[in-house]
Structure formats: C-alpha cells, structure tokens
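Structural characterization, general
Read off the chains here:
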Amino acid sequence: LFFDRPTEPCFMQKGDEKAVFEVPEHYYPEKYRSLSTTLSNRFGDNASRTIPVRNIALPNLSLPMQLPYNDQFSLFVPQHRKMAGKLIDIFLGMRDVEDLQSVCSYCQLRINPYMFNYCLSVAMLHRDDTKGLNIPTFVESFPDKFMDPKVFRRAREVTTTVPSGTRMPVVIPANLTAADSEPEQRVAYFREDIGINLHHWHWHLVYPFEAANREVVDKDRRGELFYYMHQQIIARYNVERMCNNLGRVTRYNDFRAPIAEGYFPKLDSQVASRAWPPRFEGTVIRDLDRPVDQIRIDVSELETWRERFLQAIENNSVILPNNSTMPLTEETGIDVLGNLMESSILSRNRGYYGDLHNMGHVFISYSHDPDHRHLEQFGVMGDSATAMRDPVFYRWHAYIDDIFNLYKSKLTPYANDKLDFPGIRVSSVEVSGPGGANTFTTQWEQSTVELSRGLDFTPRGSVLARFTHLQHDEFTYTIEVNNTSGAATMGTFRVFVAPVNDERGQPLRFEDQRRLMIELDKFSQPLNPGANTVRRQSAESSVTIPYERTFRDQAARPGDAGSAAAAEFDFCGCGWPHHMLLPKGTAMGYPVVLFVMVSNWNDDRVQQDTVGSCNDAASYCGIRDRRYPDRRPMGFPFDRPAGAAALQDFLTPNMATRACTIRFTDATRLRGQR
Ligand code: CUO
C-alpha cells in the first residue's frame, strides 16, 4: 500500500481495498496536524480496512529528510546516494514488520516519494521478513517517468467523468519525442520502450552500487554483470540501429567535444511538477558547481579517472589505497574492473579511480545547468528509470564498453580445449515460427498498463494506458546434437544471434561480429548417447521475462489465490522485456546468423540450490541470493577476441550456425490477437 498513489498520505484510503493507516497523532506533518482527528475520521469512514500503526521511538531521519519532498531524486548524485543509504539502513534496522510499517507511515508523509519508493524496495528485497512480499511494478507507481504527461491529464478527465469499469484506455501516441527529420528517431521505439526502461531501473534496484550495509551491494560477480548487462544493451542497440539504416553508435570519449545529439524528453515529473529538462544539440559538458546538490567537480577529474583506469588495464593491475598493487586475474579481473568503473562501494580504490561511470551520467545530466543558475534539475541521464531514453546514454555506455573491451582484448584467446566439447557434435540448428523456416517475424503490438495507482488525488478505479511497442512471433529452436561419447551427459546450450553484414553491406569480421552477438537463451539439457533432437521455445529465454512480469503487479490481490511464484515479483521484475527479445529487422528480411554452442555442463555448472528462486532472466540479472549460475565468463564464448577472421573459422564441432532473417511487418495488432 505504501507504493500506491505515492504522494497521497497513508491516512487516506490506499489501494483498491481502501485501507487506511491509523497513525499516531504526532506522525501527521504540520500541514495536516490541526486536522488529524477530522481527517482520519473522514478518510476512515468508508474504508474497508484500518491498519493500526504502532507508535515507536522514531529513528533520526534528518539526513534523508534533507531532500525536499518535491525534488527529483537520483542515485547517481552522491549526496542523494548518501541519504538513500541512510534510509535503507534505517529500514533494514527495524526490528520487525510492524516497526517497519510504522516508520514507513511516518516517512511516507515526509520523505521524497521517489527516494522513499527506492529505499523501501531495496529494504524489502533484503529483509528476511519481507523477501516474499510484492513490490508493485514501478511504472504503476510512477507512470510519469515513462510516458507523455498528456496521458495523465486525459486519465484525470476519464476518472472524473466516466464510472470505473466502463473506461476506455487512454492512448499514448507512438513516436512522439521528435520528427522524422531526426535520424535518431528511428530507434526511439527502442530507447523509449517502457519495458526496457523498467528493466534498467529494476536492474539497478537489484544491484545497488552503494548502501551502508555492504551485503546489499556485495553480490556474486556484480561488477562483471554490470559490464555484461550493459554490453548486451549496446550490442542490442547497435543491431537495432543497423536494422534502421543507422551506423553503430559513436562512443562518447572526448569529454571536451560537443554532444551532437539533442534530446527533448517530453516527460513531466508529477512529484516535482516540472518538465524534465532537455539537452540541446551540440551541448558540451562543463565543470559542475551545484551547492544545492553538494556537487563540485571539474571535467578534468573525469579525465584523470579515465587515465588511471586505462593505466590499470595497461598494467594489468590496480593500485590499492595503501599503494600496493593487485594484479587483475583472468578469473576476477573483469569483476574488479566493473566495480571500479561503475563505481560501487566494492571498488578497490574509489579515492584513486573515482566514480567514472556514475559521474559521466551526472555531468551529462547537468550539462544544461552546470552551476544551478537556472534552478533546473537533472535531465533523463540522471535517473536509471529514464536514462535509456536519451541517445547519449548509448554513446556513454559504448565508450565504457570499449574500455572493458580493451581489457578483454588482453586476455589469451580461448584455445580449442576451452571451446570444444569432445564427443558432442552439433549437426544443425534451425528455427521455425509463423514466418516459416529460419525466418523471425516482428510487428507492432498494442498493450495496456494500469495507471490508477500512480494517479494521486483522483477518483478511484482502474484506468489503463495503451501503448505501442515492438513484438515478435514466438518461435522454436530445433537443435540436432550427436553424442558419440558413449555415455549420457549434460550440455549447456548457448544461443546467440548477430548481424551478418556491416553498415555498407560488407560481411562483418569476427572481431566486429562477436561484439554484436546478442544472447537469446542459455539452458542445460541432458544428452543421451547417439542422436538427440533438442527443441526449445523462444518464450523460455533465460534473458527475458514475460510481458506480465514486466508490467503487471504479480501480488496476490485480496481475493486472489496467489502463488509462490507470484510472490517473487520483486526480484523477478528484473529481466529484459520479452517483447524486445529480437531486433526489429526489416521489411525485406534483415540477414542474421543464429549461433548455438553446447558446452560441457560439468565445466559450467555452479553447485547450488535454486529451487523456489526466481531465475528465469538469470543471464542479465543473476539469481537472487545465489551465485551467477554459469562458471564461464559472462558472454562466453564471445567475451574476448579470437584468432578467427570470420565466424566460420571460429566454430568447433560442438557449435553450429544458421543463416536467418528477421522480417518486419509494419502493422499493429492488439495484445492477444494473432
Ligand atoms: Cu545502467 Cu549507466 O549504468 O546506467
């Protein structure tokens, strides 16, 4: 209930069940206090449930309360991070759920709603007594971060004039942030996809980079996953661009050069009652001096950190705070660098290597008002829920990925003994779907998302927003595997797809192609001696989560039967949205190569119990409270260069490829229609 209608006080009716919190009188903020009795009576009268709130000795909330209630909140801003860290700590430190509920009632009336939502989400993910509880999908709590504000005006109109139950969905027009004369607009459907932005927000929620409680951050291979998940975003975005006749993204590596791309978000913050600021074409990042955010930093500092980072790669070792050096090993080097780069509190030396990635977000997001003279807040790059809308996000992360790749390029290429699986031969791989053999098919689809939980101070009842997004038809992989080892064994199937040609229609060299390899799936499967036919559905992908989990509240609502799986929404909300599994393709059929490798599961597996844990998007999100479920480097076997000139030269007998196309039809269907 604390997630519903974020700025409506908790002594008003919350949620569909019309619950009202009965808070101690001194919990009321000043503006409501004189009315405390009448208010609770008024709002309690037709409530179907009153929830008594325990009167506790309140912790010191002065630090998190420094952020004004109606400001924006950004994890990338160090001061906000500190405040959030403190609040998470307070939430984690509450003795039991009753006390947590009590402090939340107090906070909900005083703490910035974005920060409150974030900190409570993190705390619920990490407290033993709340782990199974549902966290509503973020787009329902803060739809303003994902869609045109016109929608909310229209939704208010609808909720006020049309009775609940007979309301038509409010339509969000597609492609509204720029005209066709802006070439970047061709991939706006990707950048501004609600599911993609939700995934990114969720990923950073599950993998926070700072918290007073180290356990919250210290997850298995989190630095490496930071590298890999973002590497995959760049690969996917590049392929999406190539499908739309755009070149691969230009990395942002010269911090003194103007940023060619402008971005006008057309988003309003309902909490801050402000439009998100735009960035004009040709903007240059400048030294920041914003006392209000306690940020004072020069662009040269970003350059210094970058030089030190490159030096670490050059020397294959990092300098520790005591001036000794720690070598980067093949096993953990990328993980160390990931944490150093982001940087998270797991950084081995934040004092020296700084905060390169996060501050890049900060510099760019304040480039329109570096000294706060216009009293403007950060742009979309400053918030993990909105950053992926902006073309510059991909330029920044393309550069970061390039730096990681510099490190990966120093590793010894995999020898055949690392790649091959003796006795296992993949004789063929195929896909089939409604488009026929080896043709993937895509089109537009319209789906709806619930808005009412994010609409403060409006009449109750459901109101939906209808939006348009890319969708693909489901398909089946058929993989023929011959096991000549004479015994049953287990294989790990690694499925990728990549473009075949570059922007000029020339065949991609292996080195370029491997960096465009998009992971589609990874699964293990027993292999009997002799011939095996393995079939796998696209919907089972280890990369994606189903539409329902991206967009729907999975909690058992009152009256629902509910299920254990449903209760795991909190972690399971992380995952690439299934509707974006494939790039768009082209009307002619975009040529791609499908790749499958079967590796030896005995070399890959991580021994752990994963029963009951949410692991269906493990490739990009890991498994909650478990180790990353694959011992190989993330992105294996394409995480590093090889001697091969072309993909065909790279193949060992346990791999196979198939030429396919992705055919796009410019038609729109409603969800559920075929
Ligand atoms: Cu996900 Cu830069 O890390 O946004």
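Residues numbered from 1 in each chain as written. Predicted model: local features only at pLDDT ≥ 70, side-chain atom pairs only at ≥ 80, totals over all residues. Heavy atoms only, no water.

As for the overall build of the chain
Of regular secondary structure, the chain possesses 23 helices and 21 strands. Relative to a compact globule of 674 residues, whose C-alpha radius of gyration would be 26 Å, the chain shows 25 Å and is just as compact. On the principal axes, the C-alpha backbone points of the chain span a range of 80 × 60 × 55 Å. Look at the contacts in the chain between residues 6 or more apart in sequence, and 78% of them connect residues 24 or more apart. (Helix = DSSP H or I, 4+ residues; strand = E, 2+ residues; numbered from the N terminus. Rg over C-alpha atoms; globule rule 2.2 N^0.38 Å. Contact = heavy atoms within 4.5 Å.)

Digging into the pairing of strand β16 (residues 518–527)
Taking burial as the measure, the 10 residues of β16 include seven buried ones, the bulk of the element. Sheet topology places strand β15 (residues 489–499) next to β16; nine bridges connect them, and they run antiparallel. Paired with Phe493 across the strands is Phe523, a residue of β16. (Buried < 20%, exposed > 50% of the residue type's maximum accessible area, 1.4 Å probe, protein only. Pairing = 2+ DSSP bridges.)

Some words on the sheet that holds strand β14 (residues 476–483)
Pairing within the open sheet is antiparallel, and its four strands lie in the order β11-β10-β14-β17. Each edge of the open sheet carries a strand with a single partner, namely β11 (436–437) and β17 (530–537). Here two bridges tie strand β10 (residues 424–433) to β11, and the two strands are oriented antiparallel to one another. Pairing of Ser432 across the sheet is with Ala437, part of β11.

Observations regarding unusual backbone geometry
A negative phi holds for most residues other than glycine; trans holds for most peptide bonds. Cis peptide bonds are those with omega within 30 degrees of zero, and the linkage from Glu342 to Ser343 qualifies with -15 degrees. Looking at where Ser343 falls in the secondary structure, it is placed in the loop between α13 (333–342) and α14 (350–353). In this chain, Phe636 is followed by Pro637 through a cis amide linkage whose omega measures 5 degrees. The phi torsion at Phe457 lies on the positive side, around 55 degrees, for a residue other than glycine. Relative to the elements of secondary structure, Phe457 occurs in the loop between β12 (439–450) and β13 (464–472).

Section: the domain arrangement of the chain
What the domain assignment reports for the chain is domain 1 (19–130), domain 2 (183–408) and domain 3 (416–670). Domain 2 puts 38 residues into the contact, and the matching count from domain 3 is 55 residues. Taken together, domain 2 and domain 3 are joined by five salt bridges. We note a salt bridge from Lys408 to Asp639, for which the minimum N-O separation is 2.9 Å. Mapped onto the side of domain 2 that touches domain 3, the elements with two or more residues apiece are α8 (188–191), α9 (194–206), α11 (222–243) and α16 (391–408). Take the side of domain 2 that touches domain 3: its biggest share by element is 15 residues, from α11. Here the residues of the side of domain 2 that touches domain 3 are counted per class, giving 18 nonpolar, nine polar and 11 charged. (Domains from an automatic or database assignment. Salt bridge = Lys/Arg side-chain N within 4 Å of Asp/Glu carboxyl O. Nonpolar A, V, L, I, M, F, W, Y, C, P; charged D, E, K, R; others polar.)

Points about α9
An ideal rise of 1.5 Å per residue puts 18 Å on 13 residues; α9 measures up with 18 Å between its terminal C-alpha atoms. Across the 13 residues that make up α9, a large majority, 13, are buried. Put simply, Asp193 is the residue that caps the front of α9, since its side-chain oxygen is 2.9 Å from the backbone nitrogen of Gly195. (Expected span 1.5 Å × (residues − 1). Polar contact = N/O pair within 3.5 Å; in protein donor to acceptor, adjacent residues only side chain to side chain.)

Structural notes on the nonpolar core
Ranked by internal contacts, the top residues of the largest apolar core, which has 167 residues, are Phe91 and Met147. Those residues in contact with Phe91, other than ones at most four positions away along the chain, are Leu100, Val103, Cys104, Cys107, Phe116, Cys119, Leu120, Ala123 and Arg127. (Core = buried A, V, L, I, M, F, W, Y, C linked by side-chain atoms within 4.5 Å.)

Quick notes on empty space enclosed by the protein
Applying the stated criterion across every chain, the model contains 13 cavities of 30 Å³ or more. One number sums up the size of the largest cavity: a volume of about 130 Å³. Lining the largest cavity are 15 residues, with Tyr227, Gln231, Arg514, Phe638 and Asp639 positioned closest to its centre. Those elements giving two or more residues to the lining of the largest cavity turn out to be α11 and α16. Its residues assigned to classes, the lining of the largest cavity shows six nonpolar, four polar and five charged. When we break the lining of the largest cavity down by domain, the ones giving at least three residues each are domain 2 (183–408) and domain 3 (416–670). Of the voids in this model, the second largest cavity is the one considered here, and its volume is about 100 Å³. (1 Å grid on protein atoms, 1.4 Å probe; cavity = no way out; pocket = protein on both sides within 12 Å on 5 of 7 lines; lining within 4 Å. Points joined across faces, edges and corners; volume = space filled by probe spheres on them.)

Description of helix α12 (residues 299–315)
Given 3.6 residues per helical turn, the α-helix brings residues three or four places apart onto the same face. In a regular helix each residue adds 1.5 Å, so 17 residues correspond to 24 Å; α12 covers 25 Å between its end C-alpha atoms and thus fits that length. Those residues of α12 not exposed but buried are Val299, Leu302, Glu303, Trp305, Arg306, Phe309, Ala312 and Ile313. At its buried positions, α12 is contacted by β7 (295–297), β8 (317–319), α13, α14, α15 (356–365) and α16. Remark: Asn316 follows α12 within two positions and exhibits a positive phi of approximately 55 degrees.

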